[in-house]
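Chain and residue survey
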Amino acid sequence: MNNLNTWTGLINAYRDRMPIDQGEEVITLHEGNTPLVPLPYISDLVGANVYAKVEGANPTGSFKDRGMTMAVTKAKSQGKKVLICASTGNTSAALAAYATRAQIPCVVLIPKGKIALGKLAQAVMHGAHIMQINGNFDEGLRLVRELSEIDSVGIMNSINPFRVQGQKSAAFEICDALGKAPDQHFIPVGNAANIYAYWVGYQEYEQDGITSSSPKMRGVQADGSAPFVYGFPVENPETIATAIRIGAPASYEKALTARDESGGSITAQTDEKILHAYKMIASKDGVFVEPGSAASIAGLLAAHENNEIVKDSTIVCTVTGHGLKDPDTATADIQIPAAVDPSLESVMSLIDRL
Ligand code: F0G
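Described below are features of the structure shown in this document. Residue numbers restart at each chain and count upward from 1, following the sequence in its written direction. In view of the model being predicted, local features appear only for residues whose pLDDT reaches at least 70, and side-chain atom pairs are presented and counted only at 80 or more, with totals across whole chains, interfaces and linings using the full set of residues. Neither water nor hydrogens contribute to the side-chain values; these are computed over all heavy atoms in the structure.

Describing the site of the ligand
Here a residue is considered near a molecule or strand provided that any single heavy atom belonging to it is located within 4 Å of it. Around the ligand, 20 residues are found, and the nearest of them are S87, T88, N191, A192 and T320. In protein, a polar contact requires one atom able to donate a hydrogen and another able to accept it; more generally it is a pair of N or O atoms within 3.5 Å, and residues adjacent in sequence count only if both atoms are side-chain atoms. In this structure, N90 approaches the ligand through a side-chain N or O atom, which is 2.8 Å from an oxygen atom. At 2.6 Å from a nitrogen atom of the ligand is found a side-chain nitrogen or oxygen belonging to T320. The protein chains hide 98% of the 480 Å² of surface that the ligand would expose on its own. Those elements giving two or more residues to the shell around the ligand turn out to be α4 (90-102) and α9 (193-207). Here the term charged refers only to Asp, Glu, Lys and Arg, the term nonpolar to Ala, Val, Leu, Ile, Met, Phe, Trp, Tyr, Cys and Pro, and the term polar to all other amino acids, Gly among them. Within the shell around the ligand, the residues separate by chemical class into 8 nonpolar, 10 polar and 2 charged. Calculation of accessible area relied on Shrake-Rupley with a 1.4 Å probe; when residues are assessed, cover is drawn exclusively from the protein chains displayed. Secondary structure counts use DSSP, requiring at least four H or I residues in a row for a helix and at least two E residues in a row for a strand, with both numbered from the N terminus.

Next up, the structure:
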């Protein structure tokens, strides 16, 4: 017998670093333990050792499961009767799944027409109560905040402090896999909790002497929704990367802490550059991520152009969600070949053209 199947989720794996009580029921789908995959093509291109932390390998296909296992575990033991979040899609998918496991009804507020199809499918299939709003994520979150006075309602956005505690586990896993902290860490930034969560995780390991350094945190936004770059909220954020279409991030100050304490940066990339990175990581390194996730790769490519990548240094890019989340963007500009007869000639003529 091997022991490949002993992973039972990140709360159990990092129990001594999580706010969990002995005997407390853990709500888990065995999230975490995602692959840290070397990217040979991109590594060659930028002259460094680049790894992708492939968060699409989580049970609902995004990093949100890390925060949700912790937040829903707590909501369950606190006896919450309804769970709610505003979402650009992934948080709603994760909440829908974990709330189902906890047997607590959930409500998800999503911006009309601006959520990728796969994410909507997940919320539907897990039985979430879906409310589409004529507004964007920021307006949804404003509404959710107004419910925080009601004790029986659990707020499951990342303003819930347990979310960050779960999400910091990704930094532990990276250090455990590399045997050290990376030199730089590129990460998409939307509502801005994840960059902070990683920083908390890296700092915890460094302070406990498990690692001897922490990486520069390099946040990346889409330039149509880049409040960190402009220094003020964006009223009508726009980007093809709908996951990070957020103009007034809830964790603004916390993300600035991560940026400044680490000596990093938060920059913005155009949709064009994000789509270029989206296609590159899929077609050259075999990792299919959603557009918002490719912001981290776009940020790395830009940093390389600016000579900000030290040769042979170790770089991690978090790719936050699976490519299948957003099939519309993936298939928007492809030509599906015309159907042919199922003959050997047809296959051979195709092979001969390769
Ligand atoms: N990447 C993906 C795929 C996301 O879904 C999100 C956020 C981010 C990056 C940004 O992370 O907000 O911690 O800075 N999605 C949220 C949602 C807002 O509702 O699913 P962040």
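Now, onward.
Notes on the packing of aromatic side chains
A pair of Phe, Tyr and Trp rings is counted when the ring centres sit within 6.5 Å of each other, with Trp represented by its six-membered ring. The angle between the planes then sorts it: under 30 degrees is stacked, over 60 is edge-to-face, the rest tilted. Counted according to the given criterion, the structure contains 6 aromatic pairs. When the ring of Y14 is compared with that of F172, the centres are 5.2 Å apart and the planes differ by 55 degrees; the resulting orientation is tilted. One end of the pair, Y14, is in the loop between α1 (10-13) and β1 (36-38); the other, F172, is in helix α8 (residues 169-178), with 158 residues separating them in the sequence. When the ring of F228 is compared with that of Y252, the centres are 4.5 Å apart and the planes differ by 10 degrees; the resulting orientation is stacked. With F228 in helix α10 (residues 227-230) and Y252 in helix α11 (residues 252-262), the pair connects residues that are 24 residues apart, well separated along the chain. Taken together, the ring pairs in this structure connect Y14, F172 and Y205 into an aromatic cluster. Positioned over the ring face of F172 is R17, at 5.5 Å from the centre of the ring. Charge-over-ring placement is defined geometrically: NZ (Lys) or CZ (Arg) within 6 Å of the ring centre, and within 35 degrees of the ring normal.

Describing the sheet that holds strand β7 (residues 184-188)
One bridge is not enough; two strands pair if DSSP finds at least two bridges between them. Pairing is mixed in the open sheet, where 6 strands are placed in the order β1-β2-β10-β7-β8-β9. The sheet terminates laterally at β1 and β9 (265-269), the two strands that pair on one side only. If you compare each strand with its neighbour and ignore which way they point, the axes differ by 25 degrees on average. By the bridge criterion, 5 bridges tie strand β8 (residues 216-222) to β9 in an arrangement that is parallel. Bridging across to β9, A222 finds its partner in Q269. Convention adopted: a line fitted to C-alpha atoms gives each axis, helices being fitted over their contacting stretch, and angles between N-to-C directions are expressed from 0 to 180 degrees.

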